[in-house]
Amino acid sequence: MPSSDNNNIKSIVEFTLIFVRSDEGVLLGFKKRGFGVGKWNGFGGKIEKGETILQGAMRELKEESNLTVSSSNMIYVGYVRYDRVDSPQVDIVYIFTASEFSDSLEESEEMAPKWFKISEIPYEEMWGDSKYWLPIVLRKKGIFAEFLLSGERNMVKKNVEERDENNIPVYGE
Ligand SMILES: CNc1ncnc2c1ncn2[C@@H]1O[C@H](COP(=O)(O)OP(=O)(O)OP(=O)(O)O)[C@@H](O)[C@H]1O
């Protein structure tokens, strides 16, 4: 039976996000403009038409920090799904880590990069959901997380699952 309940029709927007690790800790960027301005986050952005998720993640890291990570050093750890009660847009954010990289760190027009010790990550100056799942990623575990948001960014519901390496979630499966 065809349905007139359009609340379940969602438009998916896919993003990438990478957390680069080194002896100095984890690399975050301070967002200087656009979505998330004034917050610290990993590096990433929208996946463009014609590129793979992996290519998108590598391109955004390069654009925003000048670092290069080869595809074999990109580690996919899972994804975070953001649904909204008041909008049909669902954001899927594919999360990567890497600890091998080349080229020098540079500030970009979008991001000011800085290394943080794990114990000094500024969760209060990041998106509010990060504190629920980033610690899991930094313990080298897989992640599946879903958040239901309303209004400006109130969290209505959350589900955060730590995953083993043989159970990393793939969106759409
Ligand atoms: C509720 N939903 C969300 N909550 C928290 N973080 C989210 C998110 N949805 C996307 N993200 C991340 O935020 C950055 C967007 O960056 P954003 O500047 O929009 O992307 P991109 O560089 O492609 O922008 P331009 O369109 O080129 O300006 C990028 O790291 C992406 O992973």
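Bear in mind that the values here come from a model prediction, so they are computed numbers and not experimental data.

### Some remarks on the overall build of the protein
When helices and strands are counted, the protein shows two helices and eight strands. Across the protein, helices and strands are ordered from the amino to the carboxyl terminus as β-β-β-α-β-β-β-α-β-β. Structurally, the protein occupies a C-alpha span of about 55 × 30 × 30 Å along its principal axes. Looking at the protein residue by residue over its 173 residues, the buried ones come to 27%. Counting only contacts in the protein whose residues sit at least 6 apart along the sequence, the fraction spanning at least 24 positions is 65%.

### Side note on the UniProt feature "domain: Nudix hydrolase" (unreviewed entry) in the protein
The UniProt entry lists residues 9–142 under the feature "domain: Nudix hydrolase" (unreviewed entry), expressed in the numbering used here. The span residues 9–142 shows a helical share of 16% and a strand share of 36%, and its end C-alpha atoms are spaced 28 Å apart.

### Remarks on the site of the ligand
In the region of the ligand, 16 residues are neighbours, and Phe15, Gly44, Gly45, Lys46 and Tyr82 sit closest. Contributions of two or more residues to the shell around the ligand are made by strand E1 (11–22) and strand E5 (89–98). Broken down by element, the residue count for the shell around the ligand peaks at three residues, all from E1. Looking at the shell around the ligand, its residues break down into seven nonpolar, six polar and three charged.

### Re the environment of Met111
Topologically, Met111 is positioned in strand E6 (residues 111–116). What makes Met111 buried here is the crowd of 25 C-beta atoms within 10 Å. Remark: the alpha-carbon pair of Met111 and Met126, spanning 15 residues in sequence, is separated by 14 Å. Setting aside residues up to four positions removed in sequence, Met111 forms contacts with Gly29, Phe30, Lys31, Lys32, Phe43, Glu64 and Ser65.

### Quick look at unusual backbone geometry
Positive phi values are uncommon outside glycine, yet Asn66 reaches one of about 75°. Within the secondary structure, Asn66 is located in the loop between helix H1 (53–65) and strand E4 (75–84). The partly exposed category is assigned to Asn66, around which 14 C-beta atoms lie within 10 Å. For Asp103, which is not glycine, the phi dihedral falls at a positive 80°.

### Regarding the nonpolar core
Among the nonpolar cores identified, the biggest contains 36 residues, and Ile18, Leu61, Ile95, Phe96, Trp133, Val137 and Ile143 are the most heavily contacted of them. Every element with two or more residues in this core is listed here: E1, strand E2 (25–31), H1, E4, E5, helix H2 (130–138) and strand E7 (142–150). For Trp133, the contacting residues outside a window of four places in its chain are Val80, Ile143, Ala145 and Val160.

### Here we look at the confidence of the model for the protein
Interpretation of the predicted coordinates at a detailed level should be avoided for regions scoring low in pLDDT. Averaged over every residue, the pLDDT of the protein is 95; the share at 70 or more is 99%. Among the prediction metrics, the complex's ipTM stands at 0.92, with pTM recorded as 0.95.

### As for H1
Relative to the 18 Å expected for 13 residues at 1.5 Å per residue, H1 spans 18 Å between its end C-alpha atoms, a close match to the ideal helical length. Ala57, Met58, Glu60, Leu61, Glu64 and Ser65 are the residues of H1 that are buried. Along the axis of H1, the buried residues cluster in a sector spanning 165°; they form a single face. Buried positions along H1 lie against E1, E2, E5 and E6. In the stretch just after H1, Asn66 is the one whose phi turns positive, near 75°.

What counts, and at which threshold
- Residues numbered from 1 in each chain as written.
- Predicted model: local features only at pLDDT ≥ 70, side-chain atom pairs only at ≥ 80, totals over all residues.
- Helix = DSSP H or I, 4+ residues; strand = E, 2+ residues; numbered from the N terminus.
- Buried ≥ 20, exposed ≤ 12 C-beta atoms within 10 Å, placed from the backbone.
- Contact = placed C-beta atoms within 7 Å.
- UniProt positions renumbered as here; feature names shortened; annotations may be inferred.
- Near = placed C-beta within 6 Å.
- Nonpolar A, V, L, I, M, F, W, Y, C, P; charged D, E, K, R; others polar.
- Core = buried A, V, L, I, M, F, W, Y, C linked by C-beta atoms within 7 Å.
- pLDDT = per-residue confidence, 0-100.
- Expected span 1.5 Å × (residues − 1).
- Arc of directions from axis to C-beta.

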